[in-house]
Amino acid sequence: MKGYLLSLFALLSMVLLIIASGAFTTVLMERNVSLTLADDTYGMIALAPALNGQYFVDRDGDGAYELYVPEAPRGTVVELPDVFSITNNLNRTVRVSVTDEGIYDDAVSFTVLSQSLESQDVTIPVGTSVLVSVTINVPESSGDLSLLSGVSIVVRELAHDELITLSRGAEIYAVDQSEPGDYDPAIHTMLENAEYVRRLAFAILESGGTIRTWGALPYVDMGLPPNIWNKTINGFTIKYNVAPIYNAGQVPTVQVSPKDHYVYAVTADTGTPVTLYLNQSMYLGVYDMKWYMRIGGVFREIIITEY
């Protein structure tokens, strides 16, 4: 064990010496093998879920996030604003682009403020971040396979060759547009079920309809069978409700409460860790698609990290 520790210390010392000397021009950071990227959130080029971060998740708990969209209706254009952020923690300004791989890679685009990351680099100064949005033009003919198999974030210095490439998994599944009764929440995750209810609520409210908030009535109003939805599903209760998440009046939300395990998150503004305990609630805004939790008597936006 002592010899192993000495060897590891020598290797790390050599890596630090090379980095400090500026003697390298290209570092390839692979998803599962990396000395210099222990966690996406704290890497030299950091990746993290953003405002619509339920589609950018660490599904296997290894510290590396993946793009995961479980349901994209065929023949539609799915716009997902602010899915993940890219932060430059290096000591130099960099340029970043995105490449994707898959049988329908042409159907998926990545943008920052409407600028395509696939056809043009975006410049990220030292210590700043950009928010990446995803648009999916879902083909009618797409089969049961994922539209994408992977995404790579390519980082370059302003006047030099490629510096870092972050290769991440990506899964986007096209589905038939279906009636609410065809959706089985038992085979989906809590985040997927909450987003499904949010979409239903959004469509009803935008069309001028109303949704009640007591007992089984909201499920009836949204066309969901109460005998399935009005109970614990995979350890969570999920329902439509209103809440003062902006601390000024009631707004439409999807209320989620854990029943047999905790939910871990960080506050969106400060990154402070918070825990949602059993039978407490968090809220997904129907219109802004952000998660909120009451902290110290005040609703604050959160980013879910584990559940």
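Below, the structure is looked at part by part. (Residues numbered from 1 in each chain as written. Predicted model: local features only at pLDDT ≥ 70, side-chain atom pairs only at ≥ 80, totals over all residues. Heavy atoms only, no water.)

This paragraph deals with the overall build of the chain. Assigned secondary structure in the chain consists of four helices and 19 strands. Counting every position in the chain, which comprises 307 residues, the buried fraction comes to 45%. For the chain, long-range pairs separated by at least 24 residues make up 64% of all intrachain contacts whose partners lie at least 6 apart in sequence. Accessible surface for the chain amounts to roughly 15,300 Å². Of this, 55% is attributable to carbon and sulfur atoms. (Helix = DSSP H or I, 4+ residues; strand = E, 2+ residues; numbered from the N terminus. Buried < 20%, exposed > 50% of the residue type's maximum accessible area, 1.4 Å probe, protein only. Contact = heavy atoms within 4.5 Å. Areas by Shrake-Rupley, 256 points an atom, 1.4 Å probe, with all protein chains shown as cover.)

Below, the discussion takes up the sheet that holds strand E8 (residues 115-116). One open sheet accounts for five strands, arranged E2-E5-E10-E7-E8; its pairing is antiparallel. A strand with exactly one partner marks an edge of an open sheet, and here the two such strands are strand E2 (45-49) and E8. (Pairing = 2+ DSSP bridges.)

This part covers helix H2 (residues 190-206). If you check H2, its first and last C-alpha atoms are 24 Å apart, about what 17 residues at 1.5 Å a residue would give, namely 24 Å. Burial analysis of H2 places 13 of its 17 residues in the buried class, the great majority of the element. Directly after H2, the chain includes Gly 208, whose backbone phi takes a positive value near 95 degrees. (Expected span 1.5 Å × (residues − 1).)

Taken in spatial order, the seven strands line up as E13-E14-E17-E18-E19-E15-E16 in an open sheet, and their pairing is antiparallel. This sheet does not close on itself; its edge strands, each paired only once, are strand E13 (236-243) and strand E16 (273-276). Strand-to-strand twist across the sheet, computed as the mean angle between neighbouring axes with direction ignored, equals 40 degrees. Bridge count for strand E15 (residues 263-267) against E16 is four bridges, and the pairing is antiparallel. Counterpart to Val 266 in the pairing with E16 is Pro 273. Docked against the sheet, H2 engages E13, strand E14 (251-258), strand E17 (282-285), strand E18 (291-295) and strand E19 (298-306), running at close to 35 degrees with respect to E13. (Axes fitted to C-alpha atoms, helices over the stretch in contact; angles between N-to-C directions.)

For the rest of this paragraph, the subject is a nonpolar patch on the surface. Residues Tyr 262, Tyr 264, Tyr 277 and Leu 278 make up a contiguous nonpolar surface patch of about 370 Å² in total accessible area. Topologically, Tyr 262 is positioned in the loop between E14 and E15. (Patch = residues over 30% accessible without salt bridge, like charges linked within 9 Å, V, L, I, M, F, W, Y side chains within 5 Å. Salt bridge = Lys/Arg side-chain N within 4 Å of Asp/Glu carboxyl O.)

Moving on: the packing of aromatic side chains. A full pass over the atoms with the stated rule returns eleven aromatic pairs. Geometrically, the ring pair formed by Phe 56 and Phe 84 is stacked, given 4.5 Å between the ring centres and 20 degrees between the ring planes. Within this pair, whereas Phe 56 is found in strand E3 (residues 56-57), its partner Phe 84 is found in strand E5 (residues 77-88), the two being separated by 28 residues in sequence. In this structure Phe 56 comes out as buried when scored by relative accessible area, which is 4%. Here the aromatic rings of Tyr 183 and Tyr 196 are separated by 3.7 Å at their centres, their planes lie at 5 degrees, and the arrangement is stacked. (Phe/Tyr/Trp six-rings, centres within 6.5 Å; stacked < 30°, edge-to-face > 60°.)

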